[in-house]
Amino acid sequence: MLTSAHIDETLRAATDSGDIAGVVAMAATDRELLYEGAAGKRSLDGEAEMTLDTVVWLASMTKAITSAAALQLVEQGKLSLDQPLGELLPGLAAPQILEGFDADGTPRLRPAQRAITLRHLLTHTAGFSYPFWNAGIDQYMKYADIPSIVRGKKQALNLPLLFEPGERWEYGINTDWAGQAVEAASGTSLDTYLRDHIFAPLSMADTGFELTAAQRTRRAGMHTRQADGSLQSTTPVEPPQNPAFISGGAGLHGTAQDYLTFLRMILNGGTLNGARILAPETIALMTANQIGDLTVGPMKTAMPKYANDVDFFPDMTKKWSLSFLINTKEGPAGRSANSLGWAGLANTYYWIDPKTRVAGVILMQIRPFADTKALALYNQFERGIYAT
């Protein structure tokens, strides 16, 4: 049996070799902490050590939290999973499907025949994509002068669909729209809603859409993998100032400690340390296959600068819940069949294993996504947790 010291050595070896700049990793059951450790530097161009309370850009790890907020409002009857969202969100009232481009670069669009629902958004079956996963969306954004989703401008949401809602799975800005639904149904901003209904009850004081001065002193820098395999320090992702739009899909910064708290709440049926966030039946719904016979396929990059090709669990049928990727067979590093997980663009990863009651999170700040060395360390960390 391995010990926590062996995992410490694994993290240190990855940072000492220069494969990873800095890393924080934690794992727990619903009842107790199993492991916590940090290694390396927050930034290769600085001296500060990576610590357990280092703040990172969570990117798409934001999605599960926004989804939980939307499901709270479903519990309250303020949102519905299957009613058309067009009346609540006019931007979804008449979605257009991108069919291609004319010779002069003009997009060819047609009206969608089906309405978009909250279930479509939470399962990534509405038809939206991201420019770094779809070249057509990248071309459309350049044609229509649409900004990146992280810049805090509402125009970032004005994207066409790639197919009829419910037709297939495609990863995209769906949860950003779900965040807009949370705002419209609750009558408050997404940051305020998450603070009052998720972060404060769970004591997740280091998670939010803005960075305090104290958090900035603990923030990890960003790094880019070079062609020779080395890492180069780059500018961290900055929260937009006075944003007109809060990204429910990618906007949060936070710590491993806070995110593990959220994962433990999911693992524990919606409650933790006396705070009830979601009902047990909602957790059951949130964590079960919600795309039927559809499957989650490989994700092919359209922008190698931001993401590599990725296929979590190749040669395995994969499903999606209302928040998470589901591996339908046992994972190679130890997680049980029908476990849950996902990631963030800067190589942050997590998993939830309901069968063994284990959840883990590992945070790095590296681009592009699905970095080979970051994934290798994630795999080693997960194996180490199950070996203990």
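Here is a short report on the structure shown in this document. (Residues numbered from 1 in each chain as written. Predicted model: local features only at pLDDT ≥ 70, side-chain atom pairs only at ≥ 80, totals over all residues. Heavy atoms only, no water.)

**Notes on unusual backbone geometry**
Alright, step 1. Residues Arg 367 and Pro 368 are joined by a peptide bond in cis, for which omega reads 0 degrees.
Alright, step 2. Tracing the chain through its elements places Pro 368 in the loop between strand E16 (366-367) and helix H10 (372-387).
Alright, step 3. Non-glycine residue Asn 273 carries a positive phi angle of around 50 degrees.
Alright, step 4. Here Asn 273 lies in the loop between strand E9 (271-272) and strand E10 (275-276).
Alright, step 5. A relative accessible area of 73% places Asn 273 in the exposed class.
Alright, step 6. Positive phi values are uncommon outside glycine, yet Asn 338 reaches one of about 65 degrees.
Alright, step 7. Relative to the assigned elements, Asn 338 resides in the loop between strand E12 (325-327) and strand E13 (339-344). (Helix = DSSP H or I, 4+ residues; strand = E, 2+ residues; numbered from the N terminus. Buried < 20%, exposed > 50% of the residue type's maximum accessible area, 1.4 Å probe, protein only.)

**As for the sheet that holds strand E15 (residues 358-363)**
Alright, step 1. In spatial order, the strands read E2-E1-E15-E14-E13-E12-E11; together these 7 strands make up an open sheet with antiparallel pairing. Two strands in the sheet have a free side with no partner beyond their single neighbour: strand E2 (33-40) and strand E11 (318-320). Within the sheet, the average angular offset between the axes of one strand and its neighbour, ignoring direction, is 15 degrees.
Alright, step 2. In the packing of H10 onto the sheet, contacts are made with strand E1 (22-29), E2, strand E14 (348-353) and E15, and the angle to E14 comes to roughly 30 degrees. (Pairing = 2+ DSSP bridges. Axes fitted to C-alpha atoms, helices over the stretch in contact; angles between N-to-C directions. Contact = heavy atoms within 4.5 Å.)

**Points about the sheet that holds E16**
Alright, step 1. Strand order in the open sheet made by the 3 strands is E7-E6-E16, with mixed pairing throughout. This sheet does not close on itself; its edge strands, each paired only once, are strand E7 (231-234) and E16.
Alright, step 2. Summarising the sheet, strand E6 (residues 222-225) and E16 pair through 2 bridges and their orientation is parallel. Pairing of Thr 224 across the sheet is with Arg 367, part of E16.

**Topic: the nonpolar core**
Alright, step 1. With 129 residues, the main nonpolar core has Phe 128, Ile 198, Tyr 259, Phe 262, Val 361 and Phe 369 as its most contacted residues.
Alright, step 2. It is helix H8 (residues 256-267) that contributes the most residues to this core, 8 residues altogether.
Alright, step 3. Not counting chain neighbours up to four residues away, the residues in contact with Phe 369 comprise Trp 133, Tyr 306, Ala 307, Asn 308, Val 310, Phe 312, Ala 343, Gly 344, Leu 345, Asn 347 and Tyr 349. (Core = buried A, V, L, I, M, F, W, Y, C linked by side-chain atoms within 4.5 Å.)

**A few points about the packing of aromatic side chains**
Alright, step 1. Scanning the model with the defined rule gives 22 aromatic pairs in all.
Alright, step 2. Ring geometry for Phe 128 against Trp 177: centres 6.4 Å apart, planes inclined by 25 degrees, an arrangement best described as stacked. Remark: Trp 177 occurs in helix H5 (residues 174-186) and Phe 128 occurs in the loop between helix H3 (118-123) and helix H4 (135-144); sequence separation between them is 49 residues. Per residue, the accessibility class of Phe 128 equals that of Trp 177, and both read buried.
Alright, step 3. Seen from their ring centres, Trp 169 and Trp 320 are 5.6 Å apart, and the 45 degrees between their planes marks the pair as tilted. Here the residue Trp 169 occupies a position in the loop between H4 and H5, and Trp 320 occupies one in strand E11, the gap between them amounting to 151 residues.
Alright, step 4. By relative accessible area, which is 8% here, Trp 169 ends up buried. (Phe/Tyr/Trp six-rings, centres within 6.5 Å; stacked < 30°, edge-to-face > 60°.)

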